[in-house]
Amino acid sequence: MTTRAPKDIDLASLADSISADAKTITDILNQEKLPQPTLSACGPMKYPGGPEMARLQEARMNLLTSAWALEQLAAGPQDYIYWQAYSAKHDLTVLNAFARFGVFEAVPTSGDISYVDLAAKLPLTERQLRRLFRHAMTKNVFYEPRPDHVAHTSLSMAPVKKRSLGPWINHNLGEILPASSRLADAIEKYGDSQEPNEVALGIAWNLEKGKGLFDWFKNDGEGSRKGWRARQFAEAMESMDGGGHDVQFVAEGFDWGSLGEAIVIDVGGSSGHISISLAEKFPALRLVVQDLPEVETAFDALVPDDLKSRVSFQAHNFMEPQPQEDAKVFLLRHVLHDWPDGIAVQILRNLITGEHGVMKDGTRIVVADNVMPLKGTVPTPIERLTTTADLQMWTVLNALERRKEDWIELFKQVDERLDPVAFFQPEGSSDTVIEVVFCK
Ligand SMILES: C[S@@+](CC[C@H](N)C(=O)[O-])C[C@H]1O[C@@H](n2cnc3c(N)ncnc32)[C@H](O)[C@@H]1O
């Protein structure tokens, strides 16, 4: 894959490639008798994935890349930057308000509703609703099928059909967006600090000195509400199944079937969505999800009855030595990227030297995380997921997304006996699955 030089990008060539890629996608969906993408509320939620859809996914990535450039050329440089600075933040704030006040769910999934009737169902006035909707509709989030009435499009239906998108919006736009807007302030205040507490998040939320993201999540709220942010975060993580983070990629990235009957520890496994999907696919596995105690209620709500005998929850702080001794694999998905090197080293060492002594020979650590790609080696939409994750980690924890050589160096720093034997990035995945073997 090569990056095109700016001088080679023009309106006519973009329009041609968009037309060709759109035709490829349409034809493949027709051949497979699958529905076409649409903004109509009843449309499909996402494109089909898997290795057999590689050609469709490639065309889709090209189409997105070209469409973004087309928008920029159509706007022109001055207007594009001006509009970005002016309008884009409000695209996000309307989504945040819709999620916070239950607007997505309050609009009927078929037919429409008047602004007056909607206001009667919600803690928002008719005037507030009209203003929020008016802006959202410019980006096809809801539409007005007749005057003074609002109805769903496929975009506004997404959080209704996939409930975890609500907590995903609340976390990203309610909690992280105020912090992102303070990144420049954090740079001015802390320079290039690697301390997890000297971050934009702390400035935005006025966090107590020395307290970081997960302390805040655990402790915010009073009485039964205490820890509500940790629970919301766990629900938000469930929506990380799609957009390059599909849960199937963890299953595809390592030969779980070869383990036979085995115990797998899902370290920092949140509400267990990855363990549940592995348990469904690999019936010989037993999985233990370890996370902060505040997350257990979210786990209880998610784990299906028929998997309860094979997927369990254990409250465990990974800053302390590992209590499980019989595991064949420790899985860490989207955990190490949350921490700067010094702390990531400590988390991994706590696995190697646990409460019961040193890890057995041949035990594996499977890491599913971004490996920062070399520039121009992955499609732009996938690259944007890695750069987004990198900035998000910087903003909230002074952590980072690592390049392959950074990962190799990290394992070496932890223990010379750790051998990263495979780096595998499933087709369409933004994450790479890294298999690390402990050899005594
Ligand atoms: C980014 S999430 C990843 C969740 C999950 N592995 C996934 O792939 O969706 C990081 C997880 O680490 C957990 N965590 C943070 N600090 C922890 C600690 N000290 N001990 C155990 N878990 C912790 C958080 O509660 C959260 O569930």
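Just so you know, the residues in each chain are numbered from 1, in the order the chain's sequence is written. Two thresholds apply to this predicted model, a pLDDT of at least 70 for residue-level local features and 80 or more for giving and counting side-chain atom pairs, whereas whole-chain, interface and lining totals are computed over all residues. Side-chain metrics rest on all non-hydrogen atoms present in the structure, leaving aside hydrogens and water.

Draft legend 1. How the structure looks around the nonpolar core. Counting residues in each nonpolar core, the largest one holds 48 residues, and the members touching the most others are Leu201 and Ile365. Secondary structure is summarised from DSSP: a helix means a run of H or I of at least four residues, a strand means a run of E of at least two, and numbering begins at the N terminus for each. Here this core gets seven residues from one element, more than from any other, and that element is helix α16 (residues 341–352). Domain borders in the structure are assigned automatically or taken from a domain database. The residue makeup of this core includes at least three contributed by each of domain 3 (166–236) and domain 4 (243–438). The residues touching Leu201, leaving out its near neighbours within four places in the chain, are Glu175, Ile176, Ala179, Leu207, Leu213, Trp216, Thr395 and Val396. Joining through side-chain atoms within 4.5 Å is the link that ties buried Ala, Val, Leu, Ile, Met, Phe, Trp, Tyr and Cys residues into a set, and such a set is a nonpolar core. Remark: exposure states derive from per-residue accessible area (1.4 Å probe, protein chains only) relative to the maximum for the residue type, with buried under 20%, exposed over 50%, and partly exposed in between. Contacts are assigned to residue pairs that have any heavy atoms within 4.5 Å of one another.

Draft legend 2. Region of the structure containing the pattern of salt bridges. The salt bridge criterion pairs a side-chain nitrogen of Lys or Arg with a carboxyl oxygen of Asp or Glu, the two atoms within 4 Å. This model, assessed by the stated rule, comprises 18 salt bridges. A salt bridge links Lys360 to Asp326; the nearest nitrogen and oxygen atoms lie 3.4 Å apart. On the criterion of sequence distance, the pair formed by Lys360 in the loop between β8 (357–358) and β9 (364–370) and Asp326 in the loop between β5 (311–315) and β6 (329–333) is long-range, its members being 34 residues apart. Relative accessible area serves as the criterion here: at 45%, Lys360 is assigned to the partly exposed category. Put simply, Arg417 and Asp415 hold a salt bridge, and the shortest N to O gap is 2.9 Å. Taking the relative accessible area as the measure of exposure, Arg417 reaches 33% and is therefore partly exposed. The exposure class assigned to Asp415 is buried, which follows from its relative accessible area of 13%.

Draft legend 3. Local environment of unusual backbone geometry. Phi is positive for Asn140, which is not a glycine, with a value near 65°. Note on placement: Asn140 falls in the loop between α6 (126–137) and β2 (149–150). A relative accessible area of 36% means that Asn140 is categorised as partly exposed. Its identity as a non-glycine residue notwithstanding, Asp148 has a phi of 70°, on the positive side. For Asp148, the location among the structural elements is in the loop between α6 and β2.

Draft legend 4. Structural view of a nonpolar patch on the surface. Patch rule: a residue counts if its relative accessible area is over 30% and it has no salt bridge; like charges are joined within 9 Å, and nonpolar side chains (Val, Leu, Ile, Met, Phe, Trp, Tyr) within 5 Å. Shrake-Rupley sampling with a 1.4 Å probe provides the accessible areas, and residues are treated as covered by the protein chains on show and by no other component. On the surface, Tyr82, Trp83 and Tyr86 cluster together into a nonpolar patch covering about 410 Å² of accessible area. Mapped onto the elements, Trp83 comes out in helix α3 (residues 77–100).

Draft legend 5. Inspection of the site of the ligand at higher detail. Here a residue counts as near a molecule or strand whenever at least one of its heavy atoms sits within 4 Å of it. For the ligand, the set of nearby residues contains 17 residues, the closest of which are Gly268, His273, Asp291, Asn317 and Arg333. Polar contacts, as counted here, are pairs of nitrogen or oxygen atoms within 3.5 Å of one another; within protein the pair requires one atom able to donate a hydrogen and one able to accept it, and residues that are adjacent in sequence qualify only if both atoms are side-chain atoms. One of the side-chain nitrogen or oxygen atoms of His273 is found 2.9 Å away from an oxygen atom of the ligand. Within the backbone of Arg333, one N or O atom sits 2.7 Å away from a nitrogen atom of the ligand. Considered class by class, the residues forming the shell around the ligand number seven nonpolar, seven polar and three charged. Polar here means any residue outside two lists: the nonpolar Ala, Val, Leu, Ile, Met, Phe, Trp, Tyr, Cys and Pro, and the charged Asp, Glu, Lys and Arg; Gly therefore counts as polar.

Draft legend 6. Spotlight on the UniProt feature "domain: O-methyltransferase dimerisation" (unreviewed entry) in the protein chain. UniProt positions are given in the numbering used here, feature names are shortened, and annotations may be inferred rather than shown by experiment. Mapped onto the present numbering, the UniProt feature "domain: O-methyltransferase dimerisation" (unreviewed entry) falls on residues 93–156. Strand forms 6% of residues 93–156 and helix 53%; the C-alpha atoms that close the span are 14 Å apart.

Draft legend 7. Spatial organisation of the pairing of strand β11 (residues 431–438). The element β11 is largely enclosed, with a buried count of eight among its eight residues. The alternating pattern of β11 places Asp431, Val433, Glu435 and Val437 on one face and Thr432, Ile434, Val436 and Phe438 on the opposite face, and all of these are buried. Note that β9 and β11 share seven bridges and pair antiparallel. By the bridge assignment for β11, Val366 is matched with Glu435. DSSP calls a pair of strands paired once it identifies at least 2 bridges connecting them. When strand β10 (residues 418–424) meets β11, the two strands line up antiparallel, connected through six bridges. Its bridge partner lying in β11, Ala422 is registered against Glu435. The antiparallel hairpin formed by β10 and β11 contains six residues in its connecting segment, where Gly428 sits at a positive phi of about 85°.

Draft legend 8. Examining the environment of Ile25 more closely. For Ile25, the location among the structural elements is in helix α1 (residues 11–31). Judged by relative accessible area, Ile25 falls into the buried class, the value being 3%. In contact with Ile25, other than residues within four places in its own chain, are Tyr47, Leu56, Ala59, Arg60 and Leu63.

Draft legend 9. Local environment of empty space enclosed by the protein. Using protein atoms alone on a 1 Å grid, points that fit a 1.4 Å probe yet trap it form a cavity, whereas open point sets bounded by protein on both sides within 12 Å along at least five of seven lines form a pocket; residues with an atom within 4 Å of a point count as lining. Grid points are joined across faces, edges and corners, and a volume is the space filled by probe spheres set on the points. Scanning the model with the defined rule gives three cavities of 30 Å³ or more in all. Counted as a void, the largest cavity has a volume near 60 Å³. Surrounding the largest cavity, Leu183, Ala186, Ile187, Tyr190, Gly191, Asp192, Ser193, Glu198, Val199, Ala200, Trp394 and Asn398 form its lining. A total of four residues in the lining of the largest cavity trace back to one element, the largest contributor, which is helix α9 (residues 183–190). By residue class, the composition of the lining of the largest cavity is seven nonpolar, three polar and two charged. Roughly 40 Å³ of internal volume is contained in the second largest cavity. If you go around the second largest cavity, the residues you meet are His245, Asp246, Phe249, Val250, Arg333, Ala368, Ser429, Asp431 and Val433. Those elements that provide at least two residues to the lining of the second largest cavity are α13 (248–252) and β11. Per-class residue counts for the lining of the second largest cavity are four nonpolar, two polar and three charged.

Draft legend 10. Layout of the packing of aromatic side chains. Put simply, two rings from Phe, Tyr or Trp (the six-membered ring, in Trp's case) pair if the centres are within 6.5 Å, and we call them stacked under 30 degrees between planes, edge-to-face over 60, tilted for the rest. With the rule as written, the count across this model stands at 17 aromatic pairs. For the pair Phe98 and Phe104, a centre-to-centre distance of 5.7 Å together with 75° between the ring planes defines the contact as edge-to-face. According to the relative accessible area criterion, Phe98 is buried, its value standing at 0%. For Phe104, a relative accessible area of 2% gives the class buried. Aromatic pair Phe318 and Trp339: ring centres 6.2 Å apart, planes at 90°, arrangement edge-to-face. On the criterion of sequence distance, the pair formed by Phe318 in the loop between β5 and β6 and Trp339 in the loop between β6 and α16 is long-range, its members being 21 residues apart.

Draft legend 11. Just the environment of Val247, in detail. Looking at the secondary structure, you find Val247 in the loop between α12 (228–238) and α13. Of the residues examined, Val247 reaches a relative accessible area of 12% and is grouped as buried. As for Val247 and Ile276, which are separated by 29 residues in sequence, their C-alpha atoms are 9.8 Å apart. In contact with Val247, not counting residues within four places along its chain, are Met240, Asp241, His273, Ile274 and Ser277.

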